[in-house]
Amino acid sequence: MMLPALRTANIFLVALLAGGMFVIWAGYDPMHLSPATYVEQQKNAIRGLNVLMPALGAITIALTLLSAALQRDNRRVLVLLVVAAAFLVAAGLITRFGNQPINAIVMEWDVARPAANWTELRDQWWGYHKLRTICGLIALVLIAWTGVRPGGTGR
């Protein structure tokens, strides 16, 4: 009974995580924003997501690894879940060492006067975001696949 609940929670949380990344990619492309709008929007997103998303990612990684451990007798599921966890870790590392240092810089900007190199930092941030989104979506597919495919039930 514990395994189905764990798998459901795992799918739910990775869907929230990857869905959040995807929504930002699909709906918040900053390339055509004015400097002031970009800074205001980015600061708002940073305040709302800078703690929530990494925490959600850490919980999702832990659930994925726990699910893998509980299904270790099913090698295919075990490997897919470990690979999914690796993609989630990659997304977390991209966030921590790519996006978050830029977030810290953006939080220091005045909305009316961002740094002279704001477009360069915006483009770097966006590139990191696209990369971590791809990692998150791959993890979502792998985790969901292990939960819905025939013979993927483990024990």
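Structural data are supplied above this passage.
Because the structure is predicted, anything quoted here is derived from the model rather than measured.

Before going further, it helps to spend a moment on the packing of helix α2 (residues 35-49) against helix α4 (residues 75-107). Two quantities define a packed helix pair, namely the angle between the helix axes and the distance between the axes. For the pair α2 and α4, the least separation of the axes is 10 Å and the interaxial angle reads 120°. Here α2 is positioned oblique relative to α4, judged by the angle of their axes. For the element pair α2 and α4, the recorded crossing hand is left-handed. Residues Q42, K43, I46 and R47 of α2 touch α4, and the partners they reach there are N103, V106 and M107. Considering only residue class, the contact of α2 with α4 consists of three nonpolar, two polar and two charged.

Closest axis-to-axis distance for the α4/helix α5 (residues 118-148) pair is 8 Å, and the angle between their directions is 160°. Here α4 lies roughly antiparallel to α5, going by the angle between them. Note that α4 runs across α5; the crossing there is left-handed. Each residue belonging to the contact of α4 with α5 can be placed in one class, and the counts come to 22 nonpolar, seven polar and one charged.

What follows deals with the nonpolar core. Across soluble globular proteins, you tend to see nonpolar side chains buried next to one another. With 23 residues, the main nonpolar core has L17, L88 and I143 as its most contacted residues. Of all the secondary-structure elements, those providing two or more residues to this core are α1 (2-27), α3 (52-70), α4 and α5. Top contributing element to this core by residue count: α4, with eight residues. Non-local contacts of L88, meaning those with residues more than four positions away in its chain, are made with V14, L17, T60, I61, T64, A139 and I143.

Calculation criteria
- Residues numbered from 1 in each chain as written.
- Predicted model: local features only at pLDDT ≥ 70, side-chain atom pairs only at ≥ 80, totals over all residues.
- Heavy atoms only, no water.
- Axes fitted to C-alpha atoms, helices over the stretch in contact; angles between N-to-C directions.
- Helix = DSSP H or I, 4+ residues; strand = E, 2+ residues; numbered from the N terminus.
- Parallel < 35°, antiparallel > 145°, perpendicular 65-115°, else oblique.
- Left-handed = near helix turned anticlockwise from the far one by under 90°.
- Contact = heavy atoms within 4.5 Å.
- Nonpolar A, V, L, I, M, F, W, Y, C, P; charged D, E, K, R; others polar.
- Core = buried A, V, L, I, M, F, W, Y, C linked by side-chain atoms within 4.5 Å.
- Buried < 20%, exposed > 50% of the residue type's maximum accessible area, 1.4 Å probe, protein only.

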